[in-house]
Amino acid sequence: MLFKHTMKKTQFDVAIIGGGVTGTALLYVLSRYTSINRIVLLEKCSSIASIASDGRQNSQTIHCGDIETNYSLEKAVKVQKAAQLLVNFAENLGQVDIMRRYPKMVLGVGDEEVTAMRKRFDIFSPHYSSMKLFEYDDIGRIEPNIIKSNKKGGARQESLIAMGSEHDYCAIDYSALAYHFVKEAHLSEKTLEIELNTHVDAINRTSEGFHIQSSKGLIEADAVIVAAGNHSLLFAQQMGYGEQFGGIPVAGNFYYAPQVLNGKVYTVQNDKLPFAAVHGDPDVLVDGKTRFGPTALMLPLIERRHMKTFFDFLKLSNYDTAGMSVAWNLMKDT
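As the structure is a prediction and not an experimental result, all values here were calculated from the model.

Asker: Kindly report on the pattern of salt bridges, identifying the contributing residues and their values.
Answerer: Under the criterion given, the structure shown has 11 salt bridges. Note that Asp66 and Lys104 form a salt bridge whose closest N and O atoms lie 2.8 Å from each other. Linking Asp66 in the loop between β2 (38–42) and α2 (73–93) with Lys104 in strand β3 (residues 99–109), this pair joins segments that are 38 residues apart in sequence. Neither residue differs from the other here; Asp66 and Lys104 are each classed as buried. Here Asp283 ties to Arg291 by a salt bridge, and the two come within 3.2 Å at their closest N and O atoms. Here the salt bridges share partners, and the residues they tie into one network are Lys132, Arg141 and Glu166.

Asker: So what's going on with the packing of aromatic side chains? Residues and values would help.
Answerer: Evaluation of the coordinates by the stated rule reveals 5 aromatic pairs. Here the aromatic rings of Tyr28 and Tyr33 are separated by 5.9 Å at their centres, their planes lie at 85°, and the arrangement is edge-to-face. Note on Tyr28: relative accessible area 11%, which makes it buried. Given a relative accessible area of 59%, Tyr33 falls into the exposed group. Following the ring pairs from residue to residue traces out a cluster consisting of Tyr28, Tyr33, Phe89 and Phe181. Stacked on the ring of Phe124, the Lys or Arg Arg120 has its end atom at 4.0 Å from the ring centre. Cation over ring: Arg291 sits above Phe254, and NZ or CZ is 4.0 Å from the ring centre.

Asker: Provide a residue-level description of the sheet that holds strand β8 (residues 209–214), including the pertinent values.
Answerer: Across the sheet, which stays open at both edges, the 6 strands sit in the order β6-β2-β1-β9-β8-β7 with mixed pairing between neighbours. Bordering the open sheet on either side are β6 (191–195) and β7 (200–206), each of which pairs with just one other strand. Averaged over all pairs of adjacent strands, the angle between strand axes in this sheet comes to 35°, irrespective of strand direction. Two strands pair when backbone bridges link them, and β8 and strand β9 (residues 217–226) are joined in this way by 5 bridges, in the antiparallel orientation. Along β9, the bridge assignment pairs His211 with Glu220. The strands touched by helix α6 (residues 231–238) are β1 (11–17), β7 and β9; relative to β7, the strand with the most contacts, the crossing angle is about 40°.

Asker: I'd love a proper account of α6, names of residues and values included.
Answerer: Here α6 has its buried residues at His231, Ser232, Leu234, Phe235 and Gln237. At the C-terminal side of α6, Gly240 shows a positive phi close to 95°.

Asker: Describe the sheet that holds strand β12 (residues 264–267), listing the residues and the values that go with them.
Answerer: Spatially, 7 strands are ordered β4-β5-β3-β12-β13-β14-β11 in an open sheet, and the strand pairing comes out mixed. With partners counted over all chains shown, the strands left at the sheet margins are β4 (132–134) and β11 (255–258), one partner each. Averaged over all pairs of adjacent strands, the angle between strand axes in this sheet comes to 30°, irrespective of strand direction. As paired strands, β4 and strand β5 (residues 160–172) are joined by 3 bridges and run antiparallel to one another. Bridge assignment links Lys132 to a residue of β5, and that residue is Gly164. Against the sheet, α2 makes contact with β3 and β5, and its axis sits at roughly 155° relative to β3, the strand it touches most.

Asker: Describe the pairing of β9, with residues and values.
Answerer: Direction of pairing for β1 relative to β9: parallel, over a ladder of 6 bridges. From the neighbouring strand, Gln11 faces β9, where its bridge partner is Glu220. In this structure, the hairpin formed by β8 and β9 is closed by a connection of 2 residues.

Asker: Give a detailed account of the environment of His180, specifying residues and quantitative values.
Answerer: Along the chain, His180 falls in helix α5 (residues 174–185). The exposure class assigned to His180 is buried, which follows from its relative accessible area of 9%. For the pair His180 and Val21, spaced 159 residues apart in sequence, the C-alpha separation works out to 9.9 Å. Non-local contacts of His180, meaning those with residues more than four positions away in its chain, are made with Phe89, Leu93, Gln95 and Ile98.

Conventions we followed
Residues numbered from 1 in each chain as written. Predicted model: local features only at pLDDT ≥ 70, side-chain atom pairs only at ≥ 80, totals over all residues. Heavy atoms only, no water. Salt bridge = Lys/Arg side-chain N within 4 Å of Asp/Glu carboxyl O. Helix = DSSP H or I, 4+ residues; strand = E, 2+ residues; numbered from the N terminus. Buried < 20%, exposed > 50% of the residue type's maximum accessible area, 1.4 Å probe, protein only. Phe/Tyr/Trp six-rings, centres within 6.5 Å; stacked < 30°, edge-to-face > 60°. Lys NZ or Arg CZ within 6 Å of the ring centre and 35° of its normal. Pairing = 2+ DSSP bridges. Axes fitted to C-alpha atoms, helices over the stretch in contact; angles between N-to-C directions. Contact = heavy atoms within 4.5 Å.

Below, the structure written as structure tokens:
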């Protein structure tokens, strides 16, 4: 049984708060590769991976640093290793159906971006065996709609170049991935509890570990790992950590269009914005559609569409002069 609703135990070695892809990945790793025996995962929703890890709430991208132009080479190499672990996990389970192989590229438009892209390719390509530089004709072969300038099919006249690959795994259903993490964790002989519909109100340190005040009563744990998105900072500050930090929640939307792209097409990152560059790609969950996005909009909510989290936003904001300056610049640039 993957999900339980009534705890048989209240004392654990580790408690994980948050049942998204991060929390479930931790559950899997701890259950399969450590000597920890008693683990509980607490999720406030009625199902796992139903907020940020839901397929409609993220870019569905296996980020490996090759087409994300906001990544330095050092960060890209680290991200690439983590992305390969994810691919290996799905392949070893025979669950490649949760991933997709598409062409992917980051597109440079105009002389300035074309020059920058060529330089970036020279730096990054030694670290990515399948990375290619796509010239104008290559782009037209892979993504013919990109080189069309109008509905009549006239060719674009700007300088174009792209770099990427043609047949790598680059998209994934993170909700399905989280489900498989939980399923595989239960193959171990450890004591695991998955508690849904469980709200955590407070975490208190004791001389012997931690007391977790939850909607299902008191839970004791030797260690607590919080993987609860924007709420994680609130829990930390409640315990006296990170009080100097504040949060600026940014929500993004994706929009459907008829299928006009064969794979992922990223634009060059706007250096002023710390979010993913606007891109288009096939949707993992909806056949025959292209998604475009994400938009980037500051919202006074910890969770989009959950108005009750406005009060949590007020606790999280903690704006001083520097924080207000960052918020103003983001609003101005978006």
